[in-house]
Amino acid sequence: MARMACACVPLFPLAARLRAEPELRSEAVAIVEGNGPTARLLTLSRVARRYGLRPGMTLAQARSILSGLIARPRDAACERSALEALAEAAERLSPRFELDPRGLAYLDLEGCLERFAQHDRPEQELALVLEREIDRAGLPARVGIASSRLAARLAAQGARSGSPQIVPCGQEGTFLAPLSLARLDPTFDIAQTLHAWGVRTLGDLARLPVEEVTARLGEEGRKLAWLARGRDPSPLVPSEPPRLPSEGMSLEWPLASLEPFLFLARAALDRLIGRLEAEALGCVRLELELELEPAGRDRRTLDLPAPMRDRKTLLELVRWNLEARPPGAPVSGFTFFAHPDRPRAAQLGLFAPPELSPDRLATTLARLFALLGPDRVGSPRPTGAHRPGAFELLPFAPPPVQGSPEEGSLPPRRAGLLAVRCLRPPVPIEVHLDPRGRPARLEATSTPTAEPSARSSSRGRISPPPSHPPLEGRVRVASGPWWLEELWWHETPMAREYWDIELDSGLIARTYREHKNGLWFADGLYD
Amino acid sequence: MSTLSGVLPPPAGGLPPSRDRLRGILERLEPRLRSWVHTGETLRRPAISPAPWSARAPGWRALLEGDLPLRSLIELVGRPGQGRFGLVLELLAAATRSEENAALVDLGDALDPDLAAAAGVRLERLLWIRPQRLGQALATTEITLHTGFPCVVLDLGLPPLQGGRGTAAQWLRLARVAQAHPVVLVVSSPFVVAGGAATCRIELGTARAQWSARGREIPLLEVLSPRKRRTARTLSRPPRAAVG
């Protein structure tokens with residue numbers, strides 16, 4: 001017979017809320033349903049119950065007994081996050097599990113007990129491990145194991161923390177027999193009928209023939225009859241683990257300033273990163289959904305250069321994003337969604353130089369992206385274009401160290417160096433030619449460049465004007481012309497005539513003349 | 001305030017020798033024995049380790065007359081056309097060809113990847129950071145130092161510098177961060193900026209351009225040889241402080 005484990009989170013709406021606000025654990029807290037005078041207590045913390053408060057009381061009644069009662073509405077975001085955390089904990093023990101929105105998780109234990117075979121009581125050990133996993137996710141749990149879902153659930157609800165209840169295989173009927181019929185949660189009509197028949201306990205119902213019960217009460221009656229016998233009328237319907245872990249909450253009142261929001265966001269990010277850490281995953285993209293007051297949503301995405309788990313950096317990125325683009329309305333709730341991915345692994349070598357720590361590198365790149373923008377940080381590559389200075393930026397991902405570099409890989413030794421310092425954007429210049437058509441003299445010009453200007457950056461700020469030394473004087477040496485033509489098929493082809501020019505000041509500039517308009521520019525300095 | 005000699009009796013073996021007497025004793029030792037003896041003063045001064053890939057940067061070794069020191073801020077000063085950027089590329093090539101990662105904080109946006117690859121830089125190991133102001137350049141340099149890059153070059157580009165020269169406190173902070181990590185930090189600037197925060201400053205003189213016609217009418221620029229005008233080393237290093 002298949003064995004089933006049930007993990008039950010008692011007072012689930014309250015547990016989900018306390019998971020998001022752990023500072024309230026020692027307070028008198030109540031989860032309230034409804035608004036205004038019809039608001040009623042749904043669940044209460046133990047501290048609140050000590051004052052004589054009970055579920056079903058109106059909030060006004062409760063406040064008249066305990067004025068310091070902290071009331072919170074049901075929070076769908078908190079409960080969704082708590083269910084996701086419960087699912088992740090369940091998945092660590094069994095690949096087949098079914099979630100119940102009331103804070104229950106049913107696990108199919110087929111093939112899962114081999115891990116604990118060396119223990120005297122494998123089921124007991126599994127139940128304790130499951131309880132610990134759920135506790136690490138910030139939720140209290142009670143665990144029961146039986147051969148049917150109902151028996152496992154009732155065993156879990158009767159268990160205590162640290163003492164899971166195990167119903168031996170085949171004894172579900174005995175376990176269920178003395179329990180009240182209300183535990184099956186029948187419909188009102190069926191409950192009335194069974195009461196009229198004198199059926200009070202699950203044992204009484206199990207003694208009735210299934211066919212007779214079905215004939216009188218229909219399909220619902222058939223299911224109840226099988227449940228009372230400790231059998232599942234339907235198979236487990238596996239739930240899928242959450243694809244995008246999320247953490248969030250609804251706020252008690254809308255927030256208009258950044259710091260209080262970040263205080264709450266930090267706690268949510270901590271929980272989210274904690275869940276990723278438990279799965280050895282990092283976050284490669286973080287989405288933030290804000291619920292705005294009175295209506296509307298604001299969704300924003302932070303792309304990270306590499307999977308990372310640094311809470312401080314993620315919070316900084318969220319701060320900078322909100323500062324750069326405020327939501328424009330008070331925020332009444334928020335949810336973080338993390339796109340998970342495996343972090344980069346680093347294999348160190350005994351004889352090779354140490355590699356950069358992948359976590360630290362990911363954090364650094366994220367901070368550089370946030371400071372400068374993603375288009376100003378990366379690993380440069382030539383594009384293969386003829387035009388000097390053309391480049392593309394790729395994500396910086398250094399290859400693993402192969403070992404000691406070979407001597408043969410050294411570049412050929414020269415007496416000096418030859419390097420060009422690019423001038424971006426190119427600097428317009430005025431060139432006077434000699435009778436042979438070669439540059440003879442350069443003069444500075446104040447004409448705005450005809451080249452497309454790159455003055456606006458990706459962060460929306462105007463970049464400062466380019467710096468370059470004065471390019472003027474008599475030409476001492478002129479090397480050229482070097483013809484360069486590119487994209488002849490394009491609507492804006494490039495055709496240039498390049499000259500390397502040494503001035504009497506000693507500066508050597510790389511200059512060119514555009515064929516289309518005859519303008520001269522300097523796009524590099526030999527330095 | 002009374003001295004110890006006036007309050008307590010002298011030790012049984014007599015007073016310890018003065019510094020001059022100690023120096024005299026050391027000088028009379030054989031050279032081989034002298035290298036084994038360290039005074040408290042030399043022990044207090046932290047030892048400077050060379051970068052293991054210094055041998056691949058012959059231009060730098062010639063300028064420094066030795067290896068590139070780790071945990072140091074080296075200031076390279078030179079006007080445009082004196083070969084400063086060529087030295088920067090040589091340093092990046094030496095580090096990346098030794099399977100080390102390097103970072104270039106390029107304030108002037110001067111790098112040409114094609115020419116860098118031709119100079120020997122392994123681009124897949126180079127992180128190119130392109131700030132637009134000096135403040136951004138300093139912040140990103142500090143972030144990069146904390147990451148663990150063994151070679152970081154901050155090239156301030158051509159004059160005038162965007163954002164001014166920075167304050168002495170900013171450069172001192174950067175030097176202290178460099179001291180806390182096994183990194184060679186080079187600040188390449190058209191004029192002196194780091195001042196006393198630098199462990200060593202190299203000032204370049206006029207470079208020598210070599211043109212060769214090779215029998216043709218059009219001359220070819222073959223090489224630009226940087227020349228050292230002056231090297232200055234700080235007499236006392238900034239105290240090593242814990243940098244968070």
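**With respect to the interface of chain B and chain A**
Often the size quoted for an interface is simply the accessible area lost on bringing the parts together.
Right, so step 1: Chain B puts 64 residues into the contact, and the matching count from chain A is 74 residues.
Right, so step 2: The contact between chain B and chain A buries some 5,900 Å² in all, and 60% of this surface belongs to carbon and sulfur atoms.
Right, so step 3: The largest per-residue losses of area from chain B upon contact with chain A belong to Arg130, Gln132 and Leu158 of chain B, which jointly make up 11% of the total buried on that side.
Right, so step 4: Our count for the chain B to chain A interface comes out at 3 salt bridges.
Right, so step 5: Summed over the shared surface of chain B and chain A, the number is 20 residue pairs in polar contact (both at pLDDT 80 or more).
Right, so step 6: Mapped by element, the contributors of at least two residues to the side of chain B that touches chain A are α6 (84-97), α7 (113-118), β3 (126-129), α8 (134-147), β6 (200-212) and β7 (220-233) of chain B.
Right, so step 7: Counted by class, the side of chain B that touches chain A contains 31 nonpolar, 16 polar and 17 charged residues.
Right, so step 8: Sheet topology places strand β13 (residues 377-381) of chain A next to β3 of chain B; 2 bridges connect them, and they run antiparallel. Looking at the pairing, glycine 378 of chain A lines up with tryptophan 128 of chain B of β3 of chain B.

**Structural notes on the pairing of strand β5 (residues 184-189) of chain B**
Residue and element names in this part refer to chain B.
Right, so step 1: Among the 6 residues that make up β5, 6 are buried, leaving the element largely enclosed by the rest of the structure.
Right, so step 2: Side chains of β5 alternate between two faces, with Val184, Val186 and Ser188 and Leu185, Val187 and Ser189 buried alike.
Right, so step 3: Strand direction decides the pairing type here: strand β1 (residues 72-77) and β5, joined by 6 bridges, are parallel. Bridged to isoleucine 74 within β5 is valine 186.
Right, so step 4: Following the backbone out of strand β4 (residues 151-155), through helix α9 (residues 168-179) and into the adjacent parallel β5, one traces a crossover that is right-handed.

**Topic: the sheet that holds strand β4 (residues 70-73) of chain A**
All names here are of chain A.
Right, so step 1: Ordered by their spatial adjacency, 3 strands build an open sheet running β3-β2-β4, and the pairing between neighbours is mixed. Whereas interior strands pair on both sides, the edge strands pair on one side only; in this sheet they are β3 (40-44) and β4. Mean inter-strand twist for the sheet, computed between neighbouring axes without regard to direction, equals 40°.
Right, so step 2: When strand β2 (residues 29-33) meets β3, the two strands line up antiparallel, connected through 4 bridges. Note on β3: the bridge partner recorded for valine 32 is leucine 41.
Right, so step 3: Its contacts with the sheet put helix α1 (residues 12-20) on β2, β3 and β4, and the angle it makes with β2 is roughly 120°.

**Things to note about the nonpolar core**
Right, so step 1: With 63 residues, the main nonpolar core has Leu107, Phe261, Leu286, Phe334 and Phe336 of chain A as its most contacted residues.
Right, so step 2: Looking at this core element by element, the count peaks at 8 residues for helix α11 (residues 258-278) of chain A.
Right, so step 3: Discounting chain neighbours no more than four positions away, the residues touching phenylalanine 336 of chain A are Pro245, Ser246, Glu247, Ala265, Ala268, Leu269, Leu272, Leu286, Glu287, Leu288 and Val318 of chain A.
Right, so step 4: In this structure, Ala57, Trp60, Trp128 and Cys151 of chain B belong to the second largest nonpolar core, which totals 36 residues.

Rules and cut-offs
- Residues numbered from 1 in each chain as written.
- Chains lettered and ligands numbered in written order.
- Predicted model: local features only at pLDDT ≥ 70, side-chain atom pairs only at ≥ 80, totals over all residues.
- Heavy atoms only, no water.
- Contact = heavy atoms within 4.5 Å.
- Buried area = accessible area lost by both parts, 1.4 Å probe.
- Salt bridge = Lys/Arg side-chain N within 4 Å of Asp/Glu carboxyl O.
- Polar contact = N/O pair within 3.5 Å; in protein donor to acceptor, adjacent residues only side chain to side chain.
- Helix = DSSP H or I, 4+ residues; strand = E, 2+ residues; numbered from the N terminus.
- Nonpolar A, V, L, I, M, F, W, Y, C, P; charged D, E, K, R; others polar.
- Pairing = 2+ DSSP bridges.
- Buried < 20%, exposed > 50% of the residue type's maximum accessible area, 1.4 Å probe, protein only.
- Right-handed = clockwise from strand over helix to strand, strands pointing away.
- Axes fitted to C-alpha atoms, helices over the stretch in contact; angles between N-to-C directions.
- Core = buried A, V, L, I, M, F, W, Y, C linked by side-chain atoms within 4.5 Å.

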